[in-house]
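# Breakdown of the fold
Spelled out from the first residue to the last, the chains are:
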Amino acid sequence: MTRLAQLRVAAEVQRARTEMAERERESACMACLTEPRAVVLPCGCKCYCGPCHERIVRGRPGDDAMTNEDDEPEPVPRCPLCSKQF
Ligand SMILES: [Zn+2]
Ligand SMILES: [Zn+2]
């Protein structure tokens, strides 16, 4: 293999890795970024894994105000993709 060919292969591998990482990020839960998305919101978007969805839905104001901890980013849960409330 020539040096140029080796460089091409290396670039190709690098590109494939980046693509794979991007795809992984796209399919990861938008709240914890680690779990795969599992819950389809009422708006039709799939953004969260089960536990995160439950946590976000439970964090609704007026529902259980006493348990509203500091890790809730928004008082009214919104779909991060289309911004519809749910
Ligand atoms: Zn999650
Ligand atoms: Zn949505």
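Up top you'll find the structure we're talking about.
Since this is a predicted model, take the numbers as computed values, not measurements.

### Here we look at the nonpolar core
By size, the foremost hydrophobic cluster in this structure holds 7 residues: Cys29, Leu41, Cys47, Tyr48, Cys49, Cys52 and Ile56. Residue assignment for this core shows that the elements contributing at least two residues are strand S2 (46-48) and helix H2 (50-58). Setting aside residues no more than four positions away along its own chain, Cys29 makes contact with Thr34, Glu35, Pro36, Arg37, Tyr48, Cys49 and Cys52.

### Quick look at the environment of Cys45
By the secondary structure assignment, Cys45 is in the loop between strand S1 (39-40) and S2. A residue is classified by how many C-beta atoms lie within 10 Å of it, and Cys45, with 18 of them, is partly exposed. Sequence-wise, Cys45 and Cys79 are 34 residues apart; in three dimensions their C-alpha atoms are separated by 7.5 Å. Every residue in contact with Cys45, bar those within four places of it in the chain, is listed here: Cys79, Leu81 and Cys82.

Thresholds, definitions, all that
Residues numbered from 1 in each chain as written. Chains lettered and ligands numbered in written order. Predicted model: local features only at pLDDT ≥ 70, side-chain atom pairs only at ≥ 80, totals over all residues. Core = buried A, V, L, I, M, F, W, Y, C linked by C-beta atoms within 7 Å. Buried ≥ 20, exposed ≤ 12 C-beta atoms within 10 Å, placed from the backbone. Helix = DSSP H or I, 4+ residues; strand = E, 2+ residues; numbered from the N terminus. Contact = placed C-beta atoms within 7 Å.

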